[in-house]
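One-letter residues, chain by chain:
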Amino acid sequence: MRGRTLALSDEQKKKLVTLGIPGLMLLVIAIIFIFGRSVLGLETQADVEALIHSVRGSMWSPVAVFGIFTVVGLTGFPQFMLMAAAVVIFGPVWGFFYSWIATAFSAYFGYAVGHYMGNKVIRKYAGERINKISQILGDNGLMASILVRVVPTAPFAVVNLVAGASHITFSHYFFGTLIGVIPKAALVAYVGMNLMDF
């Protein structure tokens, strides 16, 4: 018995990798979602404004804002508060533009993570019912992507991960997100403009 090792078949190894890597990534994202805001010191709107203000004026500010939206978005920080911070720092026009593009960029990052983490796993192991729902979303991917941005559903990061793991294609998600983010970003910019004039 000494020296006996547990041997896994190729199929078992494949299942372990297929489930293990996405599971580990999901655990990391859950930790970021639960503890990220306190670790980053981003508990309030003012904290986010200060972070965005720190990159203002830099030639890299657009890239930095995209990065901030992406990282802070993973912590579950409300997206409209990120947009409001961008409007306060950059003004209504540039604030709208940054909010629109940075939100879309953040969404694509979340989609990519969800796609890598869960797409094959869901299709293979989730069962017929979940796959059927996922397929319906995929068949109506453009409209589903627009609606999920216009109508509040779940935290931004969760929506992106689920969309990536579903049958929604990247092209549908790309254009649906670009279109769907406009009303919220425009509303935040408009309210911000009126508050500045007040």
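Refer to the preceding data block for the structure.
What comes next is a walk through the structure.

Calculation notes
Residues numbered from 1 in each chain as written. Predicted model: local features only at pLDDT ≥ 70, side-chain atom pairs only at ≥ 80, totals over all residues. Heavy atoms only, no water. Helix = DSSP H or I, 4+ residues; strand = E, 2+ residues; numbered from the N terminus. Contact = heavy atoms within 4.5 Å. Areas by Shrake-Rupley, 256 points an atom, 1.4 Å probe, with all protein chains shown as cover. Buried < 20%, exposed > 50% of the residue type's maximum accessible area, 1.4 Å probe, protein only. 1 Å grid on protein atoms, 1.4 Å probe; cavity = no way out; pocket = protein on both sides within 12 Å on 5 of 7 lines; lining within 4 Å. Points joined across faces, edges and corners; volume = space filled by probe spheres on them. Expected span 1.5 Å × (residues − 1).

## Re the overall build of the chain
In step 1: Secondary structure assignment for the chain yields eight helices and zero strands.
In step 2: In sequence order, the chain lays out its α and β elements as α-α-α-α-α-α-α-α.
In step 3: The long-range fraction of contacts in the chain, counting pairs at least 24 apart against all pairs at least 6 apart in sequence, stands at 80%.
In step 4: Counting every atom, the chain has about 11700 Å² of accessible surface; 72% of that belongs to carbon and sulfur.

## Some thoughts on the side chain of Ser106
In step 1: Locating Ser106 in the fold gives a position in helix α4 (residues 79–125).
In step 2: When its relative accessible area of 4% is taken as the criterion, Ser106 is described as buried.

## Quick look at empty space enclosed by the protein
In step 1: Summed over the entire model, instances satisfying the criterion amount to one cavity of 30 Å³ or more.
In step 2: Counted as a void, the largest cavity has a volume near 40 Å³.
In step 3: In terms of lining, the largest cavity is formed by Gly73, Leu74, Ser106, Gly110, Phe156, Ala157, Asn160 and Leu161.
In step 4: Elements that contribute at least two residues to the lining of the largest cavity include exactly α3 (61–74), α4 and α7 (156–165).
In step 5: Of all the elements, α7 adds the most residues to the lining of the largest cavity, at four residues.

## Looking at α3
In step 1: Across its 14 residues, α3 extends 20 Å between first and last C-alpha, which sits within 8% of the 20 Å expected from 1.5 Å per residue.
In step 2: Inspection of α3 places Ser61, Val65, Phe66, Ile68, Phe69, Thr70, Val72, Gly73 and Leu74 among the buried residues, and these make up the whole buried set.
In step 3: Looking one or two places after α3, you find Gly76, whose phi comes out positive at around 85°.

Function cannot be read off these values alone, since they describe shape.
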